[in-house]
Each structure stands twice: as C-alpha cells, then as structure tokens.
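Coordinate analysis (summary)
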Amino acid sequence: MQKEKSQSTQNILNYEPSDAKPNLNNKNTFTGVWLETLNLLEKKLNKPSFETWIKGINFHTLDEHKVILEVKNDFTRNFLLQSYKTEIENSLKEVLARTVSVHIQINSDISNETFTNTSSEPEQISLARVEPKIKTQIIAKHDIKPELNFSNFAALDCNNTALVFSKALLNSDFNYQSLLIFAEPGLGKSHLLHAIANEHLEKDSRVKLLSAEKFTNSLISSIQRNKTQEFRDKHRNIDLLLLDDFEFIDNKKTCQEELLYTIRAITNNGGKVVIASSKAIEDFKLLNNKLKSFLQGSLYAQIQKPSFQSRLKLVSSICKQKSISTTEAIEENIARKFTENIREIEGALLQISAMQKFSEADIDSFAIANVFGSSLSYNNEKQASIESITEAVSQYFGLEAKELIGKSRLSDIVKARHIAIFLSHEILEISHGRIGKYFGSRKHSSVIHSIKVVRSQLSTTLPSAKALEKIIDDIRNQLKL
C-alpha cells in the first residue's frame with residue numbers, strides 16, 4: 001500500500017502538462033488530466049485539507065461536459081460538494097481549457113486511510129499511554145454553556161469552513177484528531193467550541209472546555225501544591241479537550257510543554273483536541289517547536305470578518321429571532337456601521353430591543369441613531385465601504401470577493417486586488433493598516449505596494465493607463481460615487 005501511495009505521488013510530481021486537447025477515448029489521458037488537476041489543487045490548498053479531502057478521490061470518467069469522481073462515503077461526498085467543488089472545477093478548467101461540471105459518486109471499496117501522529121515524544125518526558133477511565137461522569141459540564149450550540153450559531157460565508165470542520169469532528173468518518181480555529185475576537189470561535197462540546201456531551205463523552213489562562217493557572221497551582229499528577233489525570237483522561245484563547249500561552253514555556261504532553265496523551269487514546277486562537281500561529285513570539293508542528297499538522301479553519309452582505313443577513317436574522325421591529329433602511333445602516341465583528345452587531349441590536357421594550361415613545365430611526373451617535377445616518381443612498389468596494393471590483397472582474405481577500409497569486413486576482421486596495425485608500429481615506437487587515441492581514445508595505453502599482457500605471461501615457469482609468473471609472477459608477 002505504501003509503495004503504491006509513493007508511486008502515485010511521484011507520478012503527480014513528474015507529470016508534464018500538455019497544450020494538446022485531451023483525447024477523451026484514451027484512458028491514459030484521463031489519468032494525466034486528473035494528475036495535473038491534483039497537482040494544481042495541492043498548490044492551491046493547505047496541506048491538511050489536500051491530504052484529508054482531495055488526495056483520496058478516485059477519478060472515474062470524463063466527457064465533454066462533466067467529470068465523475070468517486071469517494072468512499074456519503075459524508076465525504078457532501079463535504080466535497082459543499083466546500084471544494086468550485087476549486088476542483090476551476091482546476092479542471094485550467095487543465096482542460098474548458099468548463100466541466102464535477103459529479104461525485106460513492107464507491108465504498110475505496111480504502112479509508114487514517115491520520116496518524118508520527119512525531120516523536122519529547123525527550124525530557126517519557127509519556128506512558130494513559131489508560132482511559134470508566135465513563136462514570138461528565139467532566140467540567142458546568143464550564144460548558146448549553147445555550148451555545150450549532151442550532152443558534154450564525155452560519156455565514158465568512159465562517160462556513162470553521163462550521164463545517166467543527167461538525168465534521170463529530171463524525172466517525174472524520175479521521176483528523178485535531179482542529180485549530182483562528183479568528184479575531186467577536187467572530188464566533190468560542191461559540192463553536194461550546195457547540196462542539198454540547199454535541200459530545202449528548203454522547204456521554206468525557207469533555208473538558210477551558211481557556212488557556214485557566215489551564216495555566218491550574219498547572220501553576222498543581223506545581224505549588226505538589227499535585228502535578230492530579231492535574232494530569234484531570235486533563236488527560238478525557239475524550240475531547242477544547243482550549244480557548246490559545247494566544248495566552250505565548251512565551252509560557254512550561255505551560256506549552258505540559259499542553260503538548262496533554263495533547264499527545266489524549267490523541268494517543270483516540271481522543272480529539274480543538275484549539276481556538278485570536279493570534280495566528282506565525283505571530284507567536286515564542287512557541288514550542290513540537291507544539292507548533294502539531295498545530296500546523298492539524299485541520300485549520302479561519303473565520304474572516306463578515307462581509308456587508310453577511311452582516312446584513314445576520315442583522316435580519318437576529319431581528320427575526322428576537323422580534324425586533326426595524327426597517328430595511330435601519331438594518332442596512334447597522335450592517336454598514338458595525339464592521340468589525342459579530343459581537344458588536346449583537347450588542348447594537350440588544351440596545352434597540354431594550355429601547356423598544358422599555359420606552360413609551362415611538363422608536364424611529366432617529367431615536368435609534370441617538371443611541372449610536374450621529375455617525376449612524378439613515379438614508380437610502382448607497383454608501384461606500386471597504387466591503388462594497390471589494391464586492392464591486394470582484395463583480396467587475398467576474399471573481400468572488402473572498403478571492404481578493406485571500407492569498408491567491410493568480411494574475412487576474414492580483415490585478416483586481418491592487419485596484420480594490422487602491423480604491424479603498426482613495427475613496428475611504430482609511431489607514432494602510434486597516435486596509436491590510438481586511439485584505440487577509442496583509443502587511444503595511446504590501447498595501448503601499450498595491451497603491452503604488454495602480455498609481456504608477458495611471459501616470460503613464462500608455463493605452464493600458466486609459467484602460468485602467470475606464471475600469472476605475474466604471475467601478476466608481478457602479479458604487480454610485
């Protein structure tokens with residue numbers, strides 16, 4: 001099996017793309033097309049995602065209009081259709097130079113390869129396999145909030161991957177034992193941790209959810225009282241560990257080492273670990289190399305800031321759930337004003353709800369505006385925002401807004417991204433730092449570079465400068481500026 005796997009990988013690496021149109025009657029051509037498609041997907045996706053979802057796909061047939069792929073079960077099929085169908089179709093289009101639709105069918109004979117942790121134990125501690133205790137009680141149930149579950153989680157485009165991966169972790173067909181969720185504060189990562197925990201509690205699993213700060217304080221206390229073994233029994237003899245605010249343990253060497261051993265003990269016994277952080281792993285100043293390696297090998301999901309459309313959907317949903325009386329204009333303007341995270345939108349609507357319940361006066365848009373300050377103006381005129389600019393640019397170039405915010409280096413996407421960054425700076429007059437943060441946490445220098453590229457092109461007398469001017473004018477007209 002291992003020999004076949006390595007041979008398949010070598011074929012992918014050695015396959016040379018051809019400009020010739022594929023011969024649809026040649027089975028070898030089918031294989032070449034799929035190998036080249038896999039090669040493209042491996043470059044576009046992060047390693048855990050490619051290894052988990054893409055590498056095990058079987059290529060079945062190809063005709064002029066569609067390609068049929070095979071997977072081992074219905075869960076994998078549904079997940080691929082929801083999360084990677086577009087990526088696969090786009091990669092096939094690059095290889096075939098034409099559009100084909102992807103169809104996925106089930107073949108239960110496909111081998112089910114499981115993820116195994118091959119990293120070695122830390123030398124300073126010989127960690128024995130921890131035998132699971134009899135499930136006589138639920139661990140730390142009082143730390144898990146029952147009101148935070150999947151049914152009331154705001155499912156938006158910006159958090160779809162994190163939501164899907166969180167649910168996948170509960171499925172027996174899901175082979176990964178660890179999930180890392182990265183998001184800035186207020187975007188819902190803690191809600192997902194509690195939702196996962198609540199689902200596991202229904203299975204009578206031994207679950208522990210705590211913050212990195214609480215983990216650290218408990219460890220320090222156990223060392224001071226000479227009760228480290230009690231600490232380890234408490235944190236390692238469980239089926240699921242959920243750790244929030246992971247960024248707290250940056251620069252805390254002892255805590256990082258103990259957490260690494262704790263994770264190893266849980267996963268060695270078939271348990272699972274979910275870690276949430278508001279700081280990207282690469283931004284940690286001092287992170288244990290082996291712990292860092294484990295996290296980089298985990299399934300990774302980032303929650304982006306919600307787009308204007310996502311925020312508007314969220315506002316409308318909350319208003320319906322809580323019976324808050326609003327107008328479309330009020331909902332749209334709240335979505336435009338509160339751009340940073342979901343929590344501030346919920347807070348704003350809570351204030352409106354309180355006004356409507358406890359004020360005898362009629363609550364109109366002007367009364368609501370007084371609560372949030374004069375900066376919240378209610379009118380029907382379309383206002384420019386970094387989200388609306390990005391949407392307009394992406395629509396103009398036939399792309400999706402998330403592609404501009406992402407890290408793709410395809411020339412069309414890079415060009416559109418430069419223009420979106422330039423217009424955000426010119427129209428909104430906001431800082432380079434804020435623009436960079438929105439466009440995938442890009443550096444200050446990267447934002448300046450994009451602005452300079454567009455300005456430099458506009459300053460020439462070449463025909464391309466006039467073409468670029470027309471693009472920018474068309475987008476401004478689209479924004480009604």
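Look above for the structure.
Predicted, not measured: the structure shown is a model, and the values here were computed from it.

Conventions used here
- Residues numbered from 1 in each chain as written.
- Predicted model: local features only at pLDDT ≥ 70, side-chain atom pairs only at ≥ 80, totals over all residues.
- Heavy atoms only, no water.
- Pairing = 2+ DSSP bridges.
- Helix = DSSP H or I, 4+ residues; strand = E, 2+ residues; numbered from the N terminus.
- Axes fitted to C-alpha atoms, helices over the stretch in contact; angles between N-to-C directions.
- Contact = heavy atoms within 4.5 Å.
- Buried < 20%, exposed > 50% of the residue type's maximum accessible area, 1.4 Å probe, protein only.
- Left-handed = near helix turned anticlockwise from the far one by under 90°.
- Nonpolar A, V, L, I, M, F, W, Y, C, P; charged D, E, K, R; others polar.
- Phe/Tyr/Trp six-rings, centres within 6.5 Å; stacked < 30°, edge-to-face > 60°.
- Lys NZ or Arg CZ within 6 Å of the ring centre and 35° of its normal.
- Right-handed = clockwise from strand over helix to strand, strands pointing away.
- Core = buried A, V, L, I, M, F, W, Y, C linked by side-chain atoms within 4.5 Å.

For the rest of this paragraph, the subject is the sheet that holds strand E8 (residues 299–302). For sheets, the rule is that strands pair by backbone hydrogen bonds, running either parallel or antiparallel. The sheet built from 5 strands is open, its strands ordered E5-E6-E7-E4-E8 with parallel pairing. Strand pairing shows two members of the sheet lacking a second neighbour, strand E5 (207–211) and E8, which therefore form its edges. The average undirected angle you get between the axes of adjacent strands in this sheet is 15°. Relative to strand E7 (residues 272–277), strand E6 (residues 240–244) runs parallel, the two sharing 4 bridges. Across the sheet, residue Leu242 finds its bridge partner in E7, namely Val274. The sheet contacts of helix H8 (residues 212–224) involve E5 and E6, and relative to E5 the element is tilted by about 95°.

Counting buried positions along helix H16 (residues 386–396) gives 8 out of 11 residues, so the element sits mostly inside the fold. One or two steps after H16, the chain reaches Gly398, where phi turns positive at roughly 70°.

Packed helix pairs are specified by the crossing angle of their axes together with the interaxial distance, meaning the distance between the axes. As a packed pair, H16 and helix H18 (residues 411–428) sit with axes 9 Å apart at the nearest point and diverge in direction by 145°. Where H16 crosses over H18, the two elements pack in a sense that is right-handed. Of the residues in H18, those in contact with Ile386, Ile389 and Val393 of H16 are Ala416, Ile419, Ala420, Leu423, Ser424, Ile427 and Leu428. Among the residues making up the contact of H16 with H18, the classes are represented as 9 nonpolar, 1 polar and no charged.

Here we take up the packing of aromatic side chains. For any two aromatic rings, the description comes down to two numbers: the centre-to-centre distance and the angle of the planes. Considering all chains together, one arrives at 5 aromatic pairs under this definition. With 5.3 Å between their ring centres and 40° between their planes, Phe246 and Phe284 make a pair best called tilted. Taken as a pair, Phe246 in the loop between E6 and helix H10 (253–268) and Phe284 in the loop between E7 and helix H11 (289–296) lie far apart in primary sequence, 38 residues in all. Considering the side-chain rings of Tyr396 and Phe397, the 5.5 Å spacing of their centres and the 65° angle between planes classify their relative orientation as edge-to-face. Exposure remark for Phe397: the relative accessible area of 24% places this residue in the partly exposed category. A cation over an aromatic ring shows up here: Lys167 above the ring of Phe150, its NZ or CZ 5.7 Å from the ring centre. Taking the ring centre of Phe248 as reference, the NZ or CZ of Lys252 above it sits at 4.3 Å.

Among the 5 residues that make up E6, 5 are buried, leaving the element largely enclosed by the rest of the structure. Burial along E6 is two-sided: the face carrying Leu240, Leu242 and Asp244 and the face carrying Leu241 and Leu243 are both buried. Judged from the 5 bridges that link them, E5 and E6 form a sheet pairing that is parallel. Following the sheet pairing, Leu210 is matched in E6 by Leu243. Crossover E6 to E7 through H10 is right-handed.

Our next topic: unusual backbone geometry. When glycine is set aside, most residues are seen to have a negative phi, and most peptide bonds are trans. Positive phi, close to 65°, is recorded for Ala97, a residue that is not glycine. With respect to the helices and strands, the residue Ala97 is situated in the loop between helix H5 (85–96) and strand E3 (101–106). A positive phi angle is found at Ser441, which is not glycine, with a value near 55°. The topology assignment puts Ser441 in the loop between helix H19 (432–438) and helix H20 (444–458). Ser441 sits in the partly exposed class, given a relative accessible area of 48%.

Turning to the sheet that holds strand E1 (residues 58–62), a few remarks are in order. Read from one edge of the open sheet, 3 strands run E1-E2-E3, paired in mixed fashion. Pairing within the sheet leaves two strands with one partner each, and these edge strands are E1 and E3. Neighbour-to-neighbour, the strand axes of this sheet turn through a mean angle of 25°, independent of strand direction. One ladder, built from 4 bridges, connects E1 with strand E2 (residues 66–71); its direction is antiparallel. In the sheet register, Asn58 faces E2, and the bridge partner there is Glu70.

This part is about the nonpolar core. The tendency in soluble globular proteins is for nonpolar side chains to be buried as a group. Grouped together as the largest cluster of nonpolar side chains are 56 residues, with contacts concentrated most on Ile54 and Ile88. Looking at which element gives the most residues to this core, the answer is helix H7 (residues 189–201), with 6 residues. Every residue in contact with Ile88, bar those within four places of it in the chain, is listed here: Trp34, Thr37, Leu41, Ile54, Ile57, Leu69 and Val102. By size, the runner-up hydrophobic cluster in this structure holds 25 residues, among which are Ile238, Leu241, Cys255 and Ile263.

All right, on to the environment of Leu62 then. Within the secondary structure, Leu62 sits in strand E1. Judged by relative accessible area, which is 7%, Leu62 ranks as buried. Linking Leu62 and Ser101, residues 39 residues apart in sequence, is a C-alpha distance of 9.9 Å.

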